[in-house]
Amino acid sequence: LSLDMNCLPALGSSSIARHLEFPSIVTLKLNLCGCDTSAVKEFFRCVGFPNAPSLDLALSFRPGSGITEIQGGVHAIFPNSRLGRTSRITHLRLDLDMCRKMISFPFKPFGIDQHIDIPLHVFENIQDLTLTMNSFSAHLETASPDVAFLPSLRSLHFKSCRKLGRPFVAQVLNRLKDQGNI
C-alpha cells in the first residue's frame, strides 16, 4: 500500500469513531509532506497495519514550518515505546527532508545547523535500516545507558546524508559494537 498525504490537517478526535486494522498489508509506503503532527498522531491512532514488516517512510516539512514538524511526525509514528504499532517492522527506509513540492525558488537553506532526534531504541526488530537526510543532521535519542537501545541490524545504509556528522555515525557504530552486534 502506498499513501501520499500532503498538508493533512488536524482531524479532531471524533473524526474516525473506531480503529481500523489492515492485516493483509505487508509493505507500506508513506509519504507525509507538511502534515500537522496532531493529524499524523490521530491517523495512526485510528488506522493500523499490524502485519507490515516493511515500511518506506518519507517525512517532509513545509518551508517556514520548522523542523519540529518532522520531529513531531517521527514521534507520532514511532512513540517512545518498544511495544505497539512498529513492533513487526523489520525493514525500514526513513527519508527525512523538506517538502520539495512546496519549495519556492530561490530557496535559502537554513542558517543554522538543525538536527533531528532519531529514536532508534524503539525499532526493536529492525534488521535493515536505510536513513536518508538531506537537509539536517541527527542525534540518537537514548534510552537508559544500561539498556541496549539499538536494534541488532543486519544492514545499515546512509543515503544523501551530507549533513550527518561523524559523531552520529561513530555513536551508532560504537553502540552496536558495545552491544556485541558488530
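To be clear, the structure that these remarks concern was listed above.
I will try to describe carefully the structure that is included in this document.

Rules of the game
Residues numbered from 1 in each chain as written. Predicted model: local features only at pLDDT ≥ 70, side-chain atom pairs only at ≥ 80, totals over all residues. Heavy atoms only, no water. Phe/Tyr/Trp six-rings, centres within 6.5 Å; stacked < 30°, edge-to-face > 60°. Helix = DSSP H or I, 4+ residues; strand = E, 2+ residues; numbered from the N terminus. Buried < 20%, exposed > 50% of the residue type's maximum accessible area, 1.4 Å probe, protein only. Contact = heavy atoms within 4.5 Å.

Bringing the packing of aromatic side chains into the picture now. Scanning the model with the defined rule gives 2 aromatic pairs in all. Between Phe 22 and Phe 49, the ring centres sit 5.8 Å apart and the planes meet at 25 degrees, which makes this aromatic pair stacked. Placement of Phe 22 in the loop between strand E2 (20-21) and strand E3 (27-33) and of Phe 49 in the loop between strand E4 (47-48) and strand E5 (54-61) is noted, with a sequence separation of 27 residues between them. Here Phe 22 falls in the partly exposed class, since its relative accessible area comes to 35%. In this structure Phe 49 comes out as buried when scored by relative accessible area, which is 10%. Ring centres 5.2 Å apart and planes at 90 degrees place the aromatic pair Phe 43 and Phe 44 in the edge-to-face group.

Moving on, we get to the environment of Ala 138. With respect to the helices and strands, the residue Ala 138 is situated in strand E9 (residues 137-140). Residue Ala 138 is classed as buried on the basis of its relative accessible area of 7%. With 29 residues separating them along the chain, Ala 138 and Pro 167 place their C-alpha atoms 9.5 Å apart. Among all residues touching Ala 138, those that are not within four sequence positions of it are His 115, Ile 116, Ile 118, Met 133, Leu 164 and Phe 168.

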